[in-house]
Amino acid sequence: MIRIVPREEYCIGCRLCEIHCIVQHSRSKNIIKAFKSERRPVKRVEVEEEGHVSFALQCRHCDEAPCVTACLSGAMQKDPRTGAVVNDPERCVGCWTCILVCPFGAVRRDEAEHKAVGKCDLCPDLEVPACVANCPNEALLMVEE
Ligand code: SF4
Ligand code: SF4
């Protein structure tokens, strides 16, 4: 099971993780197009900031995931192979129950699609998730448990 662990002592709140998350989940995966000409995808990581303290928050891929238990449509599922909690937008009906039950606030509405939710999927097409790979300070670590 892969998890992304934030290290607040190294995070400077630059939000590059958010930018690279958006690019990775865009249609073209091109930073200019993703921000200037395409529909911008929902970011799946959010930098929380209070004074000098900041850290990047994304889905913890809980072992007993409340969002998976609560999802009536079966859209939110735990991948038995990787342990990642993933959302199937084709099955999602946009009831937002997963948003209510996530104790980390790690699920976001995709207003444009109005049925899918945006959450970390651990970037299945990449060896290292985009936020981890592009953090200049190694404030996000990928750990295998
Ligand atoms: S918003 Fe979608 S993924 Fe979340 S609980 Fe409802 S149907 Fe499931
Ligand atoms: S979305 Fe929230 S409840 Fe669901 S696995 Fe991720 S952290 Fe846990």
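Nothing here was measured: the structure is a model prediction, and the numbers come from that model.

(A) Seen up close, the overall build of the protein. What the protein contains, in helices and strands, is 5 helices and 8 strands. The linear arrangement of helices and strands in the protein, starting from the amino end, is β-α-α-β-β-α-β-β-α-β-β-α-β. Taking 2.2 N^0.38 as the reference for a compact globule, 145 residues should give roughly 15 Å; the C-alpha atoms of the protein span a radius of gyration of 15 Å, in line with that estimate. Each of the three principal axes of the protein carries a C-alpha extent, and together these read 40 × 40 × 30 Å.

(B) Geometry of the pattern of salt bridges. Within this structure, the stated rule accounts for 10 salt bridges. Two residues, Glu-49 and Arg-15, come together in a salt bridge whose shortest N-O distance is 3.5 Å. One end of the pair, Glu-49, is in strand β2 (residues 46-50); the other, Arg-15, is in the loop between β1 (2-6) and α1 (16-24), and 34 residues separate them in sequence. A single salt-bridge network, built from bridges that share partners, covers Arg-15, Glu-18, Lys-43, Glu-46, Glu-49 and Arg-108.

(C) Examining the environment of Glu-144 more closely. Looking at the secondary structure, you find Glu-144 in strand β8 (residues 140-144). Taking the C-alpha atoms as reference points, Glu-144 and Met-1, 143 residues apart in sequence, are found 5.5 Å from one another. In contact with Glu-144, not counting residues within four places along its chain, are Met-1 and Ile-2.

(D) Inspection of unusual backbone geometry at higher detail. Even without being a glycine, Arg-15 presents a positive backbone phi close to 65°. Judged by its relative accessible area of 29%, Arg-15 is partly exposed. With phi around 50°, Cys-123 is a residue other than glycine that occupies positive phi space. Mapped onto the secondary structure, Cys-123 falls in the loop between β7 (117-118) and α5 (130-134).

(E) A look at the site of ligand 2. Close to ligand 2 lie 13 residues; Cys-59, Arg-60, Cys-62, Cys-67 and Cys-102 are nearest. Among the residues making up the shell around ligand 2, the classes are represented as 10 nonpolar, 1 polar and 2 charged.

(F) The site of ligand 1, seen in detail. All residues adjacent to ligand 1 are Cys-71, Ser-73, Ala-75, Asn-87, Cys-92, Val-93, Gly-94, Cys-95, Trp-96, Thr-97, Cys-98 and Val-117. Partitioning the shell around ligand 1 into residue classes produces 8 nonpolar, 4 polar and no charged.

(G) Quick look at α1. Residues Cys-17, Glu-18, Cys-21, Ile-22, Val-23 and Gln-24 constitute the buried set of α1. On its buried face, α1 sits against α2 (31-36), β2, β3 (53-57), α5 and β8.

(H) Main features of the nonpolar core. Residues Ile-4, Cys-17, Met-76 and Leu-140 are the most contacted members of the largest nonpolar core, which totals 26 residues. Mapped onto this core, the elements with two or more residues apiece are α1 and α5. Residues contacting Cys-17, with those up to four places away along its chain left out, are Val-45, Val-47, Ala-56, Cys-131 and Leu-140.

(I) Structural detail: the pairing of β3. Across 5 bridges, β2 lies against β3 in antiparallel orientation. The partner of Glu-48 across the bridge, within β3, is Phe-55. The hairpin formed by β2 and β3 contains 2 residues between the paired strands, and Gly-51 there has a positive phi angle of roughly 60°.

(J) The environment of Cys-21, seen in detail. Mapped onto the elements, Cys-21 comes out in helix α1. Sequence-wise, Cys-21 and Cys-135 are 114 residues apart; in three dimensions their C-alpha atoms are separated by 11 Å. Ignoring anything within four residues of it in the chain, the contact list for Cys-21 reads Lys-43, Arg-44 and Val-45.

Conventions adopted
- Residues numbered from 1 in each chain as written.
- Chains lettered and ligands numbered in written order.
- Predicted model: local features only at pLDDT ≥ 70, side-chain atom pairs only at ≥ 80, totals over all residues.
- Heavy atoms only, no water.
- Helix = DSSP H or I, 4+ residues; strand = E, 2+ residues; numbered from the N terminus.
- Rg over C-alpha atoms; globule rule 2.2 N^0.38 Å.
- Salt bridge = Lys/Arg side-chain N within 4 Å of Asp/Glu carboxyl O.
- Contact = heavy atoms within 4.5 Å.
- Buried < 20%, exposed > 50% of the residue type's maximum accessible area, 1.4 Å probe, protein only.
- Near = heavy atom within 4 Å.
- Nonpolar A, V, L, I, M, F, W, Y, C, P; charged D, E, K, R; others polar.
- Core = buried A, V, L, I, M, F, W, Y, C linked by side-chain atoms within 4.5 Å.
- Pairing = 2+ DSSP bridges.

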